[in-house]
Amino acid sequence: MAEKRYNMTPDYKQIYLDILHEKFPEKWADITIRNQLDTLNSALDVLKFNKLVFGEPEYTMEFSSQRLRSYDEESILKILKHQKKNELSNLQISKDFKISRNTITKWKSIFKI
């Protein structure tokens, strides 16, 4: 019997469509938000879009939910290239993206950058 394979990548567009229609119908009128729905391809895209929809989170909320974030390889490489291009230290890049310095160090060792 053939085994079914499921796509484990979340459908971010559908998730945000549901959120916008149910919780923020007034934001659905914003053409910028509607146009960016089609560009949700990486974790960085989702984080930027999340700020656009929900605004800047309060420090306590952001801090407590930080450990629940995950990044795809494309996003990690973009962050590391941004660091190298702008000659930023691990501390500076970790503050910019709100990621721990240890995570940045781990990524650098994994991707040999």
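One numbering rule holds for all chains: residues counted from 1, following each sequence as written. Residue-level local features of this predicted model are given only where pLDDT is at least 70; pairs of side-chain atoms are given and counted only at 80 or more, and the full residue set underlies all totals for whole chains, interfaces and linings. Side-chain figures throughout are based on the complete set of non-hydrogen atoms in the structure, without hydrogens or water.

> Kindly report on the side chain of Gln 83, identifying the contributing residues and their values.
What counts as a helix is a DSSP run of H or I of at least four residues, what counts as a strand is a run of E of at least two, and both are numbered from the N terminus. Looking at the element boundaries, Gln 83 is found in helix α5 (residues 73–85). Once residues within four sequence positions are removed from consideration, Gln 83 is found in contact with Leu 88, Ser 89, Asn 90, Ile 93, Ile 104 and Lys 108. A contact between two residues is defined here by any heavy atoms of the two lying within 4.5 Å.

> Help me get a handle on the side chain of Ser 42, residues and values and all.
Within the fold, Ser 42 resides in the loop between α2 (31–36) and α3 (43–54). Dropping the residues within four chain positions of it, Ser 42 is found in contact with Asp 72, Glu 74, Ser 75 and Lys 78.

> Kindly report on the packing of helix α1 (residues 12–23) against α3, identifying the contributing residues and their values.
When two helices pack together, their arrangement is given by the angle between the helix axes and by the axis-to-axis distance. Between α1 and α3, the shortest axis-to-axis distance is 12 Å and the interhelical angle comes to 5 degrees. In terms of orientation, α1 lies roughly parallel with respect to α3. On α3, the residues touching Tyr 12, Tyr 16, Ile 19 and Leu 20 of α1 are Val 46, Phe 49, Asn 50, Val 53 and Phe 54. Split by residue class, the contact of α1 with α3 holds 8 nonpolar, 1 polar and no charged. Every angle, taken between N-to-C directions, lies between 0 and 180 degrees, and every axis is a line fitted to C-alpha atoms, over only the stretch in contact when it is a helix. Small angles under 35 degrees read as roughly parallel and large ones over 145 as roughly antiparallel, with 65 to 115 read as roughly perpendicular and the rest as oblique. Here the nonpolar group is Ala, Val, Leu, Ile, Met, Phe, Trp, Tyr, Cys and Pro; Asp, Glu, Lys and Arg are the charged ones; every other residue, Gly included, is treated as polar.

> Give a detailed account of the packing of aromatic side chains, specifying residues and quantitative values.
Two descriptors summarise a pair of aromatic rings, namely the distance from one centre to the other and the angle between the planes of the rings. Think of it this way: a Phe, Tyr or Trp ring, Trp meaning its six-membered ring, pairs with another when their centres are within 6.5 Å, and the plane angle makes it stacked under 30 degrees, edge-to-face over 60, tilted otherwise. Here the structure, examined in full by the defined rule, presents 3 aromatic pairs. Note on Tyr 16 and Phe 49: the rings are 4.8 Å apart at their centroids and 85 degrees apart in plane angle, and the pair reads as edge-to-face. Of this pair, Tyr 16 sits in helix α1 while Phe 49 sits in helix α3, placing them 33 residues apart in sequence. Judged on exposure class, the residue Tyr 16 and its partner Phe 49 are both buried. Centre to centre, the rings of Phe 24 and Phe 54 are 5.4 Å apart; their planes meet at 75 degrees, and the pair counts as edge-to-face. Separated by 30 residues along the polypeptide, Phe 24 in the loop between α1 and α2 and Phe 54 in helix α3 bring together distant segments of the chain. Note on classification: 1.4 Å probe, protein chains only; a residue is buried when its accessible area is under 20% of the maximum for its type, exposed when over 50%, partly exposed between these limits. On the basis of relative accessible area, Phe 54 is assigned to the partly exposed category, the value being 41%.

> So what's going on with the confidence of the model for the chain? Residues and values would help.
Any segment with low pLDDT has predicted coordinates that should not be analysed in fine detail. Values of pLDDT, which run from 0 to 100, indicate the predictor's confidence residue by residue. Confidence in the prediction of the chain, expressed as mean pLDDT, is 81, and 81% of residues score 70 or more. Considering each helix and strand of the chain separately, the mean pLDDT is smallest for helix α4 (residues 59–65), with a value of 46, and largest for helix α7 (residues 101–111), with 92. Under a pLDDT of 50 for its full length, residues 59–64 has, in the predicted model, 3 contacts with residues more than four places off or in other chains.

> Mind laying out the pattern of salt bridges, listing which residues take part and the relevant values?
Just to be clear on terms, a salt bridge is a Lys or Arg side-chain nitrogen sitting within 4 Å of an Asp or Glu carboxyl oxygen. Applying the stated rule across the entire model yields 2 salt bridges. Among the ionic pairs, Asp 38 bridges to Lys 13, the shortest N-O distance being 2.7 Å. With Asp 38 in the loop between α2 and α3 and Lys 13 in helix α1, this residue pair connects regions lying 25 residues apart in the sequence. As a salt-bridge pair, Glu 74 and Lys 78 come within 3.5 Å of each other at their nearest N and O atoms. Of this pair, Glu 74 and Lys 78 both sit in helix α5, separated by 4 residues, roughly a single helical turn. Classification of Glu 74 as partly exposed rests on a relative accessible area of 41%. Residue class for Lys 78 comes out partly exposed when judged on its relative accessible area of 40%.

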